[in-house]
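Spelled out, the chains give:
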Amino acid sequence: MKLKVLVTPGDGIGSEVINEAVGVLKDVMAAGGHTLELDFKRIGGVAIVADGTPLPADTLAAALESDAVFLGAVGGNEFEALSPDKRPEAGLLGLRAALGGFANLRPTFAFKETVVNSPLRPEIIDGTDILFVRELLGGLYYGQPRGWDRAKGEAFNTMYYKRDEVARVARVAFKLAQKRRKKLTSVDKANVLEVSQMWRATVIEVSAEFPDVTLEHQYVDAMSMHLMNRPRDFDVVVTENTFGDILSDESGVITGSLGMLPSATIGGKINLYEPIHGSAPNSAGKNSANPMATILTAAMLLRHTAGLDQEAAVIEKAVRRVLELGFRTRDLVRHGAEGYTVLSTSDMGAKVRETVKTLLVSA
Ligand code: IPM
Ligand code: MN
């Protein structure tokens, strides 16, 4: 098969982690006799500096001609004073809107090897396997009106959803639940927000199409606590944009680090693949960031865009094998480095590639 991927490394640690993941992607495609066509373009802060805009026209054009877009991260301390529409993040939000993917899949899988790297007790988190489905094109991120009237001392954003936008993401979540443990948790704030009341009513309506899936509702504040107390109780979790952003970072505590969490955005013209972590400006250029989230994101790309399920599974297995052998990046040893070998970003990437190759030969 032939796969055309646009790579947008972005800012900070973005290029460091994406290099390692692209290396894995290249190896897997070559081993299977597939053709991988790669193009690299700027987005975010690096594009603001070089092109004067966070989403240059040639980046957007290349994205729309690709089979998938693979993004590192965007953002940087030097852009803090800019208004949201001019910041690096605006480049990513523009790209998301243009590609059209509305269902952002964020699996939180607690590898049994990393449960001790979490501040939570292993017996609480071991076995956690949650799939967050974060609505990605609506809510506060895109709702109008928005603004900051400095003279008046007023600022406002709008949490806006159309019923159909809720229904389509709910359908994706129900379908995914059917293939998993058949439980769906819908997260909202229906005790306070009208948007959430419509969200809940719509999810209930859609649930009639999926009688085999058990549906429950949680308020987002309670959910943030349940996630820490009993993460194993959740299977698929569907929620709106901002709640999904917050809960998915929180779930980084379960995996021991945000550096373990991949994502895939589906449902639009072209799928977008990005780790859920940010550009970590303070770690940039140090060759210390964890590339595993991005490597696991490459596996999602192979699964969801290329249909190469076995190859995706090989990457996931390689990540697990490397963890089993005691290799860790710095982020994973905050609670004690004893017994582990701490690797740089590039050494961790090399370790995973080497393991992928071994597994491909034995497969
Ligand atoms: C994420 C990030 C982005 C978001 C930022 C960088 C715009 O935090 O992917 O979770 O808020 O969606
Ligand atoms: Mn986020």
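Not measured: the values here are computed from a predicted model.

Quick notes on the rules
Residues numbered from 1 in each chain as written. Chains lettered and ligands numbered in written order. Predicted model: local features only at pLDDT ≥ 70, side-chain atom pairs only at ≥ 80, totals over all residues. Heavy atoms only, no water. Helix = DSSP H or I, 4+ residues; strand = E, 2+ residues; numbered from the N terminus. Expected span 1.5 Å × (residues − 1). Buried < 20%, exposed > 50% of the residue type's maximum accessible area, 1.4 Å probe, protein only. Core = buried A, V, L, I, M, F, W, Y, C linked by side-chain atoms within 4.5 Å. Domains from an automatic or database assignment. Pairing = 2+ DSSP bridges. Salt bridge = Lys/Arg side-chain N within 4 Å of Asp/Glu carboxyl O. Contact = heavy atoms within 4.5 Å. Buried area = accessible area lost by both parts, 1.4 Å probe. Polar contact = N/O pair within 3.5 Å; in protein donor to acceptor, adjacent residues only side chain to side chain.

## Re helix H10 (residues 292-304)
Helix length check: H10 (13 residues) gives 18 Å between terminal C-alpha atoms against 18 Å at 1.5 Å per residue, within 8%. The buried fraction of H10 amounts to eleven of the 13 residues, a majority that puts the element mostly inside the structure. Within H10, burial applies to Met-292, Ala-293, Thr-294, Ile-295, Leu-296, Thr-297, Ala-298, Ala-299, Met-300, Leu-301 and Leu-302.

## Remarks on the nonpolar core
Within the largest apolar cluster, 82 residues are counted, with the highest numbers of intra-cluster contacts made by Phe-70, Leu-105, Val-133, Leu-302, Val-319 and Val-352. When residues of this core are assigned to their parent elements, the largest contribution, nine residues, is made by helix H6 (residues 163-178). Each of domain 1 (1-109 + 258-363) and domain 2 (119-255) accounts for three or more of the residues forming this core. Leu-55, Leu-71, Leu-92 and Ile-270 belong to the second largest nonpolar core, which has 13 residues in total.

## Regarding the pairing of strand E10 (residues 236-239)
A two-sided burial pattern is seen for E10, the buried positions comprising Val-236 and Val-238 on one face and Val-237 and Thr-239 on the other. Two elements, strand E5 (residues 129-135) and E10, share four bridges in a ladder whose sense is parallel. Bridge pairing links Leu-131 to Val-236 in E10. Sheet analysis places strand E8 (residues 183-188) next to E10, joined by four bridges and oriented parallel. When the sheet's bridge partners are listed, Leu-184 is paired in E10 with Val-236.

## Some points on the pattern of salt bridges
One side chain can pair with another of opposite charge once the charged atoms of both are near each other. For the structure shown, the criterion picks out 25 salt bridges. For Glu-274, the salt bridge is made with Arg-96, and the minimal N-O distance between the two is 3.1 Å. With Glu-274 in the loop between strand E12 (271-273) and H10 and Arg-96 in helix H4 (residues 88-99), this pair connects stretches of sequence that are 178 residues apart. Given a relative accessible area of 3%, Glu-274 falls into the buried group. Residues Arg-303 and Glu-316 are paired through a salt bridge, measuring 2.9 Å at the closest nitrogen-oxygen approach. Placement of Arg-303 in helix H10 and of Glu-316 in helix H11 (residues 309-324) is noted, with a sequence separation of 13 residues between them. Judged by relative accessible area, which is 27%, Arg-303 ranks as partly exposed. Taking relative accessible area as the criterion, Glu-316 reaches 25% and is therefore assigned partly exposed. Through salt bridges with shared partners, a single ionic network connects Asp-129, Arg-180, Arg-181 and Asp-235.

## Focus: the domain arrangement of the chain
Structurally, the chain comprises domain 1 (1-109 + 258-363) and domain 2 (119-255). Each of domain 1 and domain 2 has a C-alpha centre, and the two are 23 Å apart. Contacts between domain 1 and domain 2 engage 22 residues on the former and 25 residues on the latter. Of all residues in domain 1, Phe-102, Arg-106 and Thr-108 give up the largest surface area on contact with domain 2, accounting jointly for 35% of the area buried on that side. The interface formed by domain 1 and domain 2 contains zero salt bridges. In this structure, the connection of domain 1 to domain 2 is made through seven residue pairs in polar contact (both at pLDDT 80 or more). Contributions of two or more residues to the side of domain 1 that touches domain 2 are made by H4, strand E4 (103-109) and strand E11 (264-266).

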